[in-house]
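Observations on chain architecture
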Amino acid sequence: MMERGSIFDDNSTVVVKSLVQNVQILSEGLARHVFGLKQQNATAARLIAGEWSVNSNHLRAWLEHLSSLPRAAQLIGKDHPLLLTLEQGLGRYVKDVKRFNTKMNK
């Protein structure tokens, strides 16, 4: 029987190399969209490369951390460790990090 889940439920089944590649593709696409760049050919230079490329050890650490915390919406309060960790992690790279609390529609 199939159960609903995500890659964070059991990180032993995650192929980190594939995850790194997928994050790299997403970050390239997002950067090109944000900066309004269009790739003219397949050999165009990558924007996310060198020291800006995806770090597999960093991604693996986030994967392990996220899989160790409960993430069900009803369990996440204003001061849940997951929210604090995400806020601190984003704050390392972005100047203004603000949290907005919302209520779910019923």
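Presented here is an overview of the structure given in this document. (Residues numbered from 1 in each chain as written. Predicted model: local features only at pLDDT ≥ 70, side-chain atom pairs only at ≥ 80, totals over all residues. Heavy atoms only, no water.)

Per the secondary structure count, the protein chain includes 3 helices and 0 strands. A buried classification covers 15% of the 106 residues belonging to the protein chain. Look at the contacts in the protein chain between residues 6 or more apart in sequence, and 45% of them connect residues 24 or more apart. Working note: accessible area of the protein chain is about 9,300 Å², and carbon and sulfur atoms make up 57% of it. (Helix = DSSP H or I, 4+ residues; strand = E, 2+ residues; numbered from the N terminus. Buried < 20%, exposed > 50% of the residue type's maximum accessible area, 1.4 Å probe, protein only. Contact = heavy atoms within 4.5 Å. Areas by Shrake-Rupley, 256 points an atom, 1.4 Å probe, with all protein chains shown as cover.)

Next up on the list: the packing of helix H1 (residues 16–34) against helix H2 (residues 56–67). Where H1 contacts H2, the axes come no closer than 10 Å and their chain directions differ by 105°. The angle between H1 and H2 falls in the class roughly perpendicular. Side by side, H1 and H2 meet where Val 16, Leu 19, Val 20 and Val 23 of the first sit next to Ser 56, Leu 59, Arg 60 and Leu 63 of the second. Tallied by class, residues from the contact of H1 with H2 come to 6 nonpolar, 1 polar and 1 charged. (Axes fitted to C-alpha atoms, helices over the stretch in contact; angles between N-to-C directions. Parallel < 35°, antiparallel > 145°, perpendicular 65-115°, else oblique. Nonpolar A, V, L, I, M, F, W, Y, C, P; charged D, E, K, R; others polar.)

Considering all chains together, one arrives at 2 salt bridges under this definition. Across the pair Glu 28 and Arg 32 runs a salt bridge, and its minimum N-O distance is 3.6 Å. Here Arg 32 and Glu 28 lie together in helix H1, a separation of 4 residues that amounts to about one turn. The exposure class assigned to Glu 28 is buried, which follows from its relative accessible area of 11%. Note that Glu 87 is salt-bridged to Arg 99, the shortest N-O span being 2.5 Å. Taken together, the residues Glu 87 in helix H3 (residues 81–91) and Arg 99 in the segment after H3 connect sequence positions 12 residues apart. For Glu 87, a relative accessible area of 28% gives the class partly exposed. Given a relative accessible area of 30%, Arg 99 falls into the partly exposed group. (Salt bridge = Lys/Arg side-chain N within 4 Å of Asp/Glu carboxyl O.)

Inspection of the secondary structure puts Val 14 in the segment before H1. For Val 14, a relative accessible area of 16% translates into the label buried. The spatial distance from the C-alpha of Val 14 to the C-alpha of Leu 63 is 9.1 Å, given a sequence separation of 49 residues.

So, about the environment of Leu 59. Structurally, the position occupied by Leu 59 is in helix H2. For the pair formed by Leu 59 and Val 20, sequence separation is 39 residues and the distance between their alpha carbons is 7.4 Å. The contact partners of Leu 59, leaving out residues within four places of it in the chain, are Leu 19, Val 20, Val 23 and Val 54.

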